[in-house]
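Secondary and tertiary structure notes
If you want the building blocks of each chain, they are given just below.
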Amino acid sequence: MYCRHLLLSTMAPSATQRLMGLATTSASRHGTHRSSTTQFSKSTGTARPEVYPAVLSSLPDSETQNLLASGIERNVALTQRSLQSMNSSLLLSKNCAIVGHSQLSHSANYHHMSGHGSQEKRSKHPLLGTPCSLSGRRQFNVTPKAILEASPPSFQPYLRLIRFDKPIGTLLLLWPCSWSIALAADPGHLPDPWMLTLFGAGAFFMRGAGCIINDMWDRDFDKKVERTKQRPLASGELTHFQALVFLASQLSVSLGILLQLNTYSILLGASSMLLVVMYPLAKRYTYWPQIMLGFTFNFGALLGWSAVQGSVDWGVCLPLYASGIMWTLIYDTIYAHQDKYDDMLIGVKSTALKLGDQTKPWLAGFSSMMIGCLTATGVMCDQTWPYYAGVAVVAAHLTRQLYTVDLNNADDCASKFRSNSKLGVVLFLSIVAGTLLRSQLKADNPATDADDK
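Here we summarise the structure given alongside this text. (Residues numbered from 1 in each chain as written. Predicted model: local features only at pLDDT ≥ 70, side-chain atom pairs only at ≥ 80, totals over all residues. Heavy atoms only, no water.)

A tally of regular secondary structure across the chain gives 26 helices and two strands. Taking all 453 residues of the chain together, 45% fall into the buried category. Here the chain displays about 23700 Å² of accessible surface, and carbon together with sulfur accounts for 61% of that area. (Helix = DSSP H or I, 4+ residues; strand = E, 2+ residues; numbered from the N terminus. Buried < 20%, exposed > 50% of the residue type's maximum accessible area, 1.4 Å probe, protein only. Areas by Shrake-Rupley, 256 points an atom, 1.4 Å probe, with all protein chains shown as cover.)

This is how it looks when you write it as structure tokens:
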């Protein structure tokens, strides 16, 4: 390379100008959709003087001619590739389309596409990263993350404050409510859709309120943790007062939803606010803050039943509530292993630090207790075989999760944590199926009802 630049720098001005003109003419002649390397793929020491006769004939010997010709070849190829890339970017930024199948098949930017006639191809804008199709239509995306990114910039910090783009927390809060509502349904009937809707909305707003309260308490801690230092309060995007006002709005909506329930449920639901406020403090004083989170996140196991039946049946709801607490101990301990090194440095406590290398045996014990409590709940509700089949699947999921999780890999811990939403779906569907089958079994065995009387 040094010899090549030295030769170029010592060339006569006229030779240099002719060389640049040749490169420009060659690039324009071949266009943006043909590779310049095809012209020079067979270039050798004897052939190169034929391509650049005017320039190369003025050089002293054939070895120098070959060396310079090689440099010319590479520079022209790089120039044409740059022109191809610029042209493609400009075309896509204008209308996100390339007209003509023949051009598409020769474009290096789309060499991975199969080109099957009119089949629409999906891509991303190379400059903006915006999902689009080659027909010019934008992809319709309604994921939480896409909604957040499409929101006004001034409102995005508020959405990130309530973890709008991370709905897993809302789902983990909702599933115990849904289990309880499904268990409280009359035999042979589906769960009350209105109750499911109310509790779904309530889970969203109460989870948001819990996130705000947590971040207000932990703002100074969050600044010192890599995973949380960009949260709106920790980074300074929002002030404490702005967060407080937004918290009031979340709690107001949650109260409006709670007031749709019966009086017993209203009083029961209002008492859960004490748990919501106390949870962020637990990590400062105990290595078992996950137990407090379990009491908070699974309170819906009591509230869902009372909303449907008018009061809590403790024989059914207590085992269900206990199983939810065990479940929270499992998934949130795995979650806490993401931050265990930062937590040690800043003095935050968690079950991940308490259990250490013995985490998996402890989680296996929590899993056994969860399965036992779910079984007791089914017995108390006269559940049928689909319910117990679902409990068996839950046990298999927990076993696989504990066997495969790498507690020293933050990404794997996060993945296993998110997978617990699937567990919630399985158990909910098994409760629904088991409740639907209860009426059929009673119809087939009327003598059982007579004996009960």
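This part is about the packing of helix H15 (residues 263-271) against helix H16 (residues 273-285). Relative to each other, H15 and H16 sit at 10°, their axes nearing to 4 Å. Relative to H16, the element H15 is oriented roughly parallel. Side by side, H15 and H16 meet where Gly269, Ala270 and Ser271 of the first sit next to Met273, Leu274 and Leu275 of the second. Considered class by class, the residues forming the contact of H15 with H16 number four nonpolar, two polar and no charged. (Axes fitted to C-alpha atoms, helices over the stretch in contact; angles between N-to-C directions. Parallel < 35°, antiparallel > 145°, perpendicular 65-115°, else oblique. Contact = heavy atoms within 4.5 Å. Nonpolar A, V, L, I, M, F, W, Y, C, P; charged D, E, K, R; others polar.)

Take unusual backbone geometry next. Phi at Arg163 is positive, roughly 55°, even though this residue is not glycine. Among the secondary structure elements, Arg163 is positioned in the loop between helix H9 (156-161) and helix H10 (168-184).

Counted by the stated rule, this structure contains 15 aromatic pairs. The interplanar angle of 45° and the centroid separation of 6.0 Å between the aromatic rings of Trp175 and Phe428 together place this pair among those described as tilted. With Trp175 in helix H10 and Phe428 in helix H25 (residues 420-444), the pair connects residues that are 253 residues apart, well separated along the chain. Of the two residues examined, Trp175 and Phe428, each falls in the buried class. Consider the rings of Trp288 and Trp362, whose centres lie 5.8 Å apart with planes at 55°: the pair is tilted. Taken together, the positions of Trp288 in the loop between H16 and helix H17 (289-297) and Trp362 in helix H22 (residues 359-380) put the pair 74 residues apart, joining distant regions of the chain. An aromatic cluster of at least three residues, connected via ring pairs, comprises Trp179, Trp327, Tyr331, Tyr335 and Phe417. It is Lys349 that lies over the ring of Tyr287; its NZ or CZ is 5.6 Å from the centre. (Phe/Tyr/Trp six-rings, centres within 6.5 Å; stacked < 30°, edge-to-face > 60°. Lys NZ or Arg CZ within 6 Å of the ring centre and 35° of its normal.)

The next thing to look at is helix H11 (residues 193-217). With 25 residues, H11 extends 36 Å between its outermost C-alpha atoms, agreeing within 8% with the 36 Å of an ideal straight helix rising 1.5 Å per residue. One side-chain oxygen at the N-terminal end of H11 lies 3.0 Å from the backbone nitrogen of Trp194; it belongs to Asp192. (Expected span 1.5 Å × (residues − 1). Polar contact = N/O pair within 3.5 Å; in protein donor to acceptor, adjacent residues only side chain to side chain.)

Trp179, Phe199, Trp327, Met370, Leu374, Val394 and Leu427 are the most contacted members of the largest nonpolar core, which totals 62 residues. Setting aside its immediate chain neighbours within four residues, Phe199 contacts Leu174, Cys177, Ile181, Leu261, Leu303, Gly304 and Ala307. Counting residues in each nonpolar core, the second largest holds 16 residues, with Ala209, Leu233, Leu238 and Phe246 among its members. (Core = buried A, V, L, I, M, F, W, Y, C linked by side-chain atoms within 4.5 Å.)

Relative to the helices and strands, Pro157 is located in helix H9. Counting along the chain gives 75 residues from Pro157 to Pro232, while the straight-line C-alpha distance between them is 5.7 Å. When sequence neighbours within four positions are dropped, the list of residues in contact with Pro157 reads Pro232, Glu237 and Leu238.

Attention now moves to H17. Because each turn of an α-helix spans 3.6 residues, side chains separated by three or four positions end up pointing in the same direction. Pro289, Gln290, Leu293, Gly294, Thr296 and Phe297 are the residues of H17 that are buried. Each buried residue of H17 sits inside an arc of 165° when the element is viewed along its axis, so together they form one side. Tucked into the core, H17 has its buried residues touching H10, H16, helix H19 (314-336) and helix H21 (351-355). (Arc of directions from axis to C-beta.)

What follows concerns the pattern of salt bridges. Under the defined criterion, the tally for this structure stands at ten salt bridges. A salt bridge links Asp215 to Arg163, with the shortest nitrogen-to-oxygen separation between them at 2.8 Å. One end of the pair, Asp215, is in helix H11; the other, Arg163, is in the loop between H9 and H10, and 52 residues separate them in sequence. The pair formed by Asp215 and Arg163 is uniform in burial state, with each residue classed as buried. Between Arg227 and Asp339 there is a salt bridge, with the nearest N and O atoms lying 2.3 Å from each other. (Salt bridge = Lys/Arg side-chain N within 4 Å of Asp/Glu carboxyl O.)

The next thing to look at is the side chain of Asn298. Within the element layout of this structure, Asn298 appears in the loop between H17 and helix H18 (300-309). By relative accessible area, Asn298 is classed as buried at 1%. Among the polar contacts listed, one links the side chain of Asn298 to the backbone oxygen of Gly324, at a separation of 3.0 Å. Sequence-distant contacts of Asn298, defined by excluding residues within four places in its chain, comprise Pro176, Tyr321, Gly324, Ile325, Trp327 and Thr328.

Together, Tyr264, Trp314 and Leu318 line one region of the surface with nonpolar side chains, adding up to about 300 Å² of accessible area. Mapped onto the secondary structure, Leu318 falls in helix H19. (Patch = residues over 30% accessible without salt bridge, like charges linked within 9 Å, V, L, I, M, F, W, Y side chains within 5 Å.)

Along the chain, the position of Leu437 falls in helix H25. Distance from Leu437 to Pro386, taken between C-alpha atoms, is 8.2 Å for residues 51 residues apart in sequence. If we ignore the near neighbours within four places in the chain, the residues touching Leu437 are Thr384, Trp385 and Pro386.

Within the element layout of this structure, Arg207 appears in helix H11. Asp165 is the oppositely charged side chain nearest to the buried, salt-bridge-free Arg207, at an N-O distance of 7.1 Å. In this structure Arg207 touches Ile162, Arg163, Lys166, Pro167, Gly169, Thr170, Leu173 and Gly202, once residues within four positions along its chain are discounted. (Lys, Arg positive; Asp, Glu negative; His and termini not counted.)

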